[in-house]
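What follows is the residue order along each chain.
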Amino acid sequence: MKNKISFYAIILIIILSFSSLILADQVHRVSSGDSLYLIAREYGVTIEEIINKNNLKNGSSIVPRQVLIIPEKSVYYVQAGDTLAQISEKIDVNMDDLIEVNKITNPGLIYPDQILKLPEQKKEQYIMKTSVKTYRIKSGDTLYSISQKFGVAINNLITLNNIQEPKNLTIGQKLNIPEYTFSELSTMYPTNFFHHGDTTSNKIALTFDDGPDTKYTPQILDVLNKHEVPATFFYLGKRIQKNPQVAIRTVQEGHVIANHSWSHPELTRLNDLKVYDEIKETEIAIAKSSGPQTGLIRPPYGLISQKIMEQLKNLNYRVIQWSVDSRDWQDQDVDQILINSIPDIQGGGIILFHSAGGKKQSFQATVDVLPELIYTLEVQGYEFVTVDELLDIPAYNN
Ligand code: ZN
């Protein structure tokens, strides 16, 4: 028993000593009696930072059970008896940095309730979403030389091509090279390429890729049904063929089904005919189950090139990308999905989720996060619609 207590004591000490080091965003669930001021103090941030992080509207109030994303600690509220040395130890920030950032001339003179700014942390590098063109690796090429040749960051090349061993490039291997940003594409193809709707509206759209399966898609449909939220499902043809009942149910419950290819390849690596087959086979599967030919498509991984864009436009498709990536395929954790999503949500937003995945992949956190996310966004005044309604375009051809 005594051993057990000391074991827990050690765990507690470890947790306490790490808790001051936590610099990542956190989730706060509002309870009754909470105010922005109290929350800001509790986490060592400013009210304005919470408002900005969550895109809260001016003067909006917070309500119990609402989720707030708390940004990294940016300030420290001085407590009675604190000295700079203690503070720097407590929050693990270099004392000289504290003095410099706060332009403190006399380190002995700090007072309770004074707000000390903390030095800024390095931010994760944001990689711009783009269309791609392909480049075949030649002898003598390195990631560095390719990055120079196309003016692209090496990190971006690594991510786009899922490169595990940057030093082992294979001659003849095809690399995806960034081409146009999503914004550029929506300017080039104003009636056929979309990654968000009207940012001044209060409408947003949930989208779910890669279903239908019989495990997670039905659970997601249950949640949406319960909360009366319509959504758009980008389904794979081969999974519609396998689980037609789930596709039929999706349409019957007021959702929109859209095309996400037959087998989820990188379309940019296929020739025109193969791209065409991927799309048409999916339409045939849709026609055999849930009904009319969809007018909406999302290429697997969002990967597209101008060439494929032209082909899809000629086939009368509207390409639907996203403005908010929940990264639920990567982070199967309710809080992390909230942290990934909420700060990027604004009016006209298209939010990317998945309703199915690989054989061993779980999407339970996606199912579990939905009620909380829906509630939080509804109390912020958002209305959920299908993508076609968000963009005022037809969902189906014919
Ligand atoms: Zn997908």
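Quantities reported herein were computed from a predicted structural model and do not represent experimental measurements.

(A) Looking closely at the overall build of the chain. Of regular secondary structure, the chain possesses 16 helices and 15 strands. Overall, the chain is about 75 × 60 × 55 Å in size when its C-alpha atoms are taken along their principal axes. Burial analysis of the chain (398 residues in total) assigns 46% to the buried set. Nonlocal contacts in the chain, meaning residues at least 24 apart in sequence, comprise 74% of its contacts between residues at least 6 apart.

(B) View of the pairing of strand 9 (residues 232-235). Because side chains alternate across strand 9, one face comprises the buried residues Thr-232 and Phe-234, and the other comprises Phe-233 and Tyr-235, equally buried. Pairing of strand 8 (residues 203-209) with strand 9, which is carried by three bridges, proceeds in the parallel orientation. In the strand pairing of strand 9, Thr-207 is matched with Thr-232. Two elements, strand 9 and strand 10 (residues 256-259), share four bridges in a ladder whose sense is parallel. Directly across from Thr-232, in strand 10, lies its bridge partner Val-256.

(C) Quick peek at the packing of helix 9 (residues 216-227) against helix 15 (residues 364-379). One way to put it is that helix 9 packs onto helix 15 with a least axis distance of 9 Å and a crossing angle of 20°. On the basis of their axis angle, the class for helix 9 and helix 15 is roughly parallel. As for how helix 9 packs across helix 15, the hand of that crossing is right-handed. Residue-level contacts link Tyr-216, Gln-219, Ile-220, Val-223, Leu-224 and His-227 of helix 9 to Gln-364, Thr-366, Val-367, Leu-370, Pro-371, Ile-374 and Glu-378 of helix 15. In terms of residue class, the contact of helix 9 with helix 15 is built from eight nonpolar, four polar and one charged.

(D) Spatial organisation of the packing of helix 14 (residues 334-341) against helix 15. Close contact between helix 14 and helix 15 brings their axes to 9 Å; oriented N to C, the two are set at 60°. It follows that helix 14 is oblique to helix 15 by the angle criterion. Crossing angle aside, the handedness with which helix 14 passes helix 15 is right-handed. Where helix 14 abuts helix 15, its residues Val-334, Ile-337 and Leu-338 lie against Ala-365, Thr-366, Asp-368, Val-369, Glu-372 and Leu-373.

(E) Representation of helix 15 within the structure. Between its first and last C-alpha atoms helix 15 spans 24 Å; for 16 residues at 1.5 Å apiece the expected length is 22 Å, and the two agree. Most pronounced at Leu-370, the bend in helix 15 amounts to some 35°, and the proline Pro-371 follows within four residues. Of all the residues in helix 15, the buried ones are Ala-365, Thr-366, Val-367, Val-369, Leu-370, Glu-372, Leu-373, Ile-374, Thr-376 and Leu-377. Just downstream of helix 15, Gly-381 is the residue with a positive phi angle, here 95°.

(F) Structural view of the coordination of the zinc ion. Taken together, Asp-210 (OD), His-260 (NE2) and His-264 (NE2) make up the full set of protein donors to the zinc ion, lying 2.1 Å away. Donor residues binding the zinc ion come from one chain and are separated in sequence as D-x49-H-x3-H. Taken as a pair, Asp-210 in the loop between strand 8 and helix 9 and His-264 in the loop between strand 10 and helix 12 (272-288) lie far apart in primary sequence, 54 residues in all. The same class applies to Asp-210 as to His-264, namely buried.

(G) Molecular detail of the side chain of His-354. Relative to the helices and strands, His-354 is located in strand 14 (residues 350-354). A polar contact is formed between the side chain of His-354 and the side chain of Asp-328, at a distance of 2.7 Å. Apart from residues lying up to four places away in sequence, His-354 is in contact with Phe-208, Asp-209, Asp-210, Ile-220, Asp-328, Trp-329, Phe-363 and Thr-366.

Reading guide: rules and limits
- Along each chain, residue indices are assigned from 1 in the same order as the chain's sequence is written.
- Totals for whole chains, interfaces and linings use every residue, but because this is a predicted model, local features are given only for residues with pLDDT of at least 70 and side-chain atom pairs only at 80 or more, for both listing and counting.
- Side-chain figures throughout are based on the complete set of non-hydrogen atoms in the structure, without hydrogens or water.
- Secondary structure follows DSSP: runs of H or I at least 4 residues long count as helices, runs of E at least 2 residues long count as strands, and numbering of each begins at the N terminus.
- In this scheme, a residue with accessible area under 20% of its type's maximum is buried, one over 50% is exposed, and one in between is partly exposed, where area comes from a 1.4 Å probe on protein chains only.
- By definition in these notes, contact holds between two residues if any of their heavy atoms fall within 4.5 Å.
- Note on pairing: two strands pair once DSSP finds at least 2 bridges between them.
- Helix axes use the C-alpha atoms of the stretch in contact, all axes being lines fitted to C-alpha atoms, and the angles between their N-to-C directions lie in the range 0 to 180 degrees.
- Angular relationships are summarised with four words: roughly parallel below 35 degrees, roughly antiparallel beyond 145, roughly perpendicular across 65 to 115, and oblique for the angles in between.
- Less than a right angle of anticlockwise turn of the near helix away from the far helix marks a crossing as left-handed, whereas a clockwise turn marks it as right-handed.
- In the scheme used here, Gly and all other residues not listed as nonpolar or charged are polar, with Ala, Val, Leu, Ile, Met, Phe, Trp, Tyr, Cys and Pro taken as nonpolar and Asp, Glu, Lys and Arg as charged.
- Each helix should span, by expectation, one fewer than its residue count multiplied by 1.5 Å.
- Bend angle per residue: angle between axes fitted to the 7 residues ending at that residue and the 7 residues starting there.
- Nitrogen, oxygen and sulfur within 2.8 Å of a metal are treated as its donors, or within 3.2 Å for sodium, potassium and calcium (Na, K, Ca); water is not counted, so a site can appear incomplete.
- Under the rule applied, a polar contact is a pair of N or O atoms within 3.5 Å (in protein, one hydrogen donor and one hydrogen acceptor; residues adjacent in sequence only if both atoms are side-chain atoms).

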